[in-house]
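Examination of the molecular architecture
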Amino acid sequence: RRPSNLLPPGSLGLPMIGQSFSLLKALRANTDQEWFQERIKKYGSISKLTLFGHPTVFLHGQAANKFIYTCDGNTLANKMPPSLSRILGKNIIVELNGEDHKRVRTAIVSFLRPEVLKIYAVKMDLEIRKHLDDHWHGKHEVEVMPALKALTFNVICSLVLGLDGGPIRAKLLSLFQEMTRGLLSVPINLPLTQFNRSINASLRLKTIVMDLIREKRTALEDNRAQSHQDLISHLITMQNENPESTSDDEIVDNVVGLMFGGYDATSSLISFMIKLLAEHPSVYDVVVKEQDGIARNKGLGESLKWEEFMNMKYTWRVAMEVLRLTPPFFGSFRRAIKDVEYGGYIIPKGWQVMWVSSMTHMDANIFPKPSHFDPSRFEEQTSTPPYSFVPFGGGPRLCPGGEFAKMETLTMIHYLVTRFTWKLSLKENLFRRDPMPVFNHGLPVLIVPRECDHAMI
Ligand code: HEM
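Report on the accompanying structure.

Criteria and thresholds
- Residues numbered from 1 in each chain as written.
- Predicted model: local features only at pLDDT ≥ 70, side-chain atom pairs only at ≥ 80, totals over all residues.
- Heavy atoms only, no water.
- Helix = DSSP H or I, 4+ residues; strand = E, 2+ residues; numbered from the N terminus.
- Buried < 20%, exposed > 50% of the residue type's maximum accessible area, 1.4 Å probe, protein only.
- Patch = residues over 30% accessible without salt bridge, like charges linked within 9 Å, V, L, I, M, F, W, Y side chains within 5 Å.
- Areas by Shrake-Rupley, 256 points an atom, 1.4 Å probe, with all protein chains shown as cover.
- Salt bridge = Lys/Arg side-chain N within 4 Å of Asp/Glu carboxyl O.
- Pairing = 2+ DSSP bridges.
- Contact = heavy atoms within 4.5 Å.
- Axes fitted to C-alpha atoms, helices over the stretch in contact; angles between N-to-C directions.
- Core = buried A, V, L, I, M, F, W, Y, C linked by side-chain atoms within 4.5 Å.
- Near = heavy atom within 4 Å.
- Polar contact = N/O pair within 3.5 Å; in protein donor to acceptor, adjacent residues only side chain to side chain.
- Nonpolar A, V, L, I, M, F, W, Y, C, P; charged D, E, K, R; others polar.
- Parallel < 35°, antiparallel > 145°, perpendicular 65-115°, else oblique.
- Left-handed = near helix turned anticlockwise from the far one by under 90°.

Here we come to unusual backbone geometry. Along the chain, D434 connects to P435 via a cis peptide bond; the corresponding omega equals -5°. With respect to the element layout, P435 can be found in the loop between β10 (431-433) and β11 (437-439). In this model, M16 sits at a positive phi of 70°, which is unusual for a non-glycine residue. Take M16: it is sitting in the segment before α1 (20-28). With relative accessibility at 56%, the residue M16 sits in the exposed group. The residue L443 is not glycine, and still its phi comes out positive at about 60°. On the secondary structure map, L443 appears in the loop between β11 and β12 (444-449).

Here you go:
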């Protein structure tokens, strides 16, 4: 038979269900890497299975990462399961392809690019210091992960929606949390099901965002607001300049998308960084030295400046090593738009493709002693082969929020290490994937304020 007639090895299992429960179980037990390794041992680096209702081809490795990230949207497209797009919205960027994806992405990137983010450094800095004053100062113990989830949500609300506090922000957080609880639920839309509650929460959340858009449009028309004060004002201004840029419905769905992108992934990165710093005192000491040096040159209560992030090289290397070991996204899904040939096999039109990008992070040929926590491996950036370190993805779908996440992580770590020392309350801090990593017990830490408190307001 011609190679193009060949399906990859593996069993599709039961129709619709296939291996879904087994993978979900492994994700929840944090044994997903072993689950994937077992598959690879049995079938090699390309195999077929059924996941979440669809026949799927599983891929992994550096070549697979390159294949996915360089494929155009006419070959492999983004397509969420219908239940997810029902909750999140059909205009959300991760659901868009082709020209629609380009148009919405251009609008989002125009807000998230470094030159614009610089303007928001002070706002983010104030939000983080307020969080520390409200949730860390005067406390003996802090449950890190839930605290950081609230922080990352508030930062998004402040920078994206222009909401600096108040009851609407609290309402949005509770609606958002209710909405996301249904993303991995059974998609039965009957009263009292989680799926139904999530759809209702999403509708109520989007009504609030739509009201905010109307308010901001009026404020901009009356010169009571400025175009660069938050993402919504920025997008409304773009609409005025070019009515074809983004519709109000697209703005609403993508605000929800940014809440989603900015909430879980960044809080996961900072939480794991706090854990690994506590477990590796020699790394922690170098981070403290770097951050104390920066704090010493700042005036009392002065916010961090963009240029100072450039001097946090070691701290960012630590973050990269955290992202290598525990990437918030272990991989992702695409859909074949036509029959695609890969590795001598055919991926049939309409099938799902799942690739586990992060498995290259643990490949001993690329990262020697892969389970060792060693930030110095990123000293020589050029020594990492392409498509092997991919916590932010790659190609036209590369995460546009990378610089935002970097600014937030470095600001939070700066204030944490200059104001406190901490140790882990529990000996073991197990986590599961839901699908992002979540600590089973929230990662409680015991904190002590530092005596030389350079950065106090
Ligand atoms: C440590 C933090 C973060 C990590 C590790 C991360 C990772 C990723 C990855 C791997 C993708 C690509 C997924 C794929 O190819 O299917 C992605 C896409 C995306 N991320 Fe992030 N992200 C982070 C933070 C953020 C933040 C803070 C924002 C927004 C403020 C954001 C917004 C987005 C958006 C809008 C997309 C979709 C891009 C597109 O489809 O064109 N992310 N992210």
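Attention now moves to a nonpolar patch on the surface. Nonpolar side chains collect at one region of the surface, where L14, M16, I17 and F21 lie side by side and expose about 450 Å² of accessible area between them. The topology assignment puts I17 in the segment before α1. Its relative accessible area of 35% is what places I17 among the partly exposed residues.

This part takes up the sheet that holds strand β2 (residues 54-59). Pairing between the strands of a sheet is mediated by backbone hydrogen bonds and can be parallel or antiparallel. Taking strand neighbours across the sheet as the criterion, the five strands line up as β1-β2-β8-β5-β3 in an open arrangement whose pairing is mixed. The open sheet is flanked by β1 (46-51) and β3 (76-77), the only strands paired with a single partner. Here four bridges tie strand β5 (residues 332-336) to strand β8 (residues 352-355), and the two strands are oriented antiparallel to one another. By the bridge assignment for β8, F333 is matched with M354. Packing against the sheet, helix α2 (residues 32-43) makes contact with β1, β2 and β8, and its axis sits at approximately 130° to β1.

So, on to the nonpolar core. Soluble globular proteins tend to pack their nonpolar side chains together in the buried interior. Judged by nonpolar contacts, the single largest core of 106 residues is most densely connected at W136, L161 and I274. The dominant element in this core, judged by the number of residues it contributes, is helix α11 (residues 248-279), at 14 residues. Not counting chain neighbours up to four residues away, the residues in contact with I274 comprise W136, V144, L148, I413, L416, W422 and V445. Residues I46, V57, Y342 and V390 belong to the second largest nonpolar core, which totals 17 residues.

What follows deals with the sheet that holds strand β9 (residues 420-424). Taken in spatial order, the three strands make up an open sheet running β4-β12-β9, and their pairing is antiparallel. Two strands lie at the open edges of the sheet, namely β4 (141-143) and β9, each paired on one side alone. For this sheet, the mean angle separating the axes of adjacent strands, direction not counted, is 35°. Where β4 meets β12, three bridges bridge the pair, whose relative direction is antiparallel. Counterpart to V142 in the pairing with β12 is V445. In the packing of helix α7 (residues 144-161) onto the sheet, contacts are made with β4 and β12, and the angle to β4 comes to roughly 65°. Sitting on the sheet, helix α15 (residues 402-419) touches β9 and β12, and the angle it makes with β9 is about 95°.

Moving on, we get to the pattern of salt bridges. Following the criterion strictly, the structure yields 26 salt bridges and no others. The shortest N-O distance in the salt bridge between K123 and D164 comes to 4.0 Å. One end of the pair, K123, is in helix α6 (residues 114-135); the other, D164, is in the loop between α7 and α8 (167-181), with 41 residues separating them in the sequence. What makes K123 partly exposed here is its relative accessible area of 23%. With relative accessibility at 49%, the residue D164 sits in the partly exposed group. R181 is paired through a salt bridge with E178; the nearest N and O atoms lie 3.4 Å apart. In this pair, R181 and E178 both sit in helix α8, three residues apart, roughly one turn of the helix.

On to the site of the ligand. Near the ligand lie 25 residues; those nearest to it are H101, R105, S332, R334 and C399. In this structure, R397 approaches the ligand through a side-chain N or O atom, which is 3.0 Å from an oxygen atom. Of all the secondary-structure elements, those providing two or more residues to the shell around the ligand are α5 (98-112), α11, β5 and α15. Take the shell around the ligand: its biggest share by element is six residues, from α11. Tallied by class, residues from the shell around the ligand come to 15 nonpolar, seven polar and three charged.

Turning our eyes to something else, we now look at the packing of helix α9 (residues 194-221) against α11. The contact between α9 and α11 brings their axes to 10 Å, and the two run at 120°. One element, α9, and the other, α11, form an angle in the oblique class. Crossing of α9 against α11: the hand is right-handed. Side by side, α9 and α11 meet where L205, K206, V209, M210, I213 and R217 of the first sit next to D248, D249, I251, V252, D253, V255, V256 and M259 of the second. Tallied by class, residues from the contact of α9 with α11 come to nine nonpolar, no polar and five charged.

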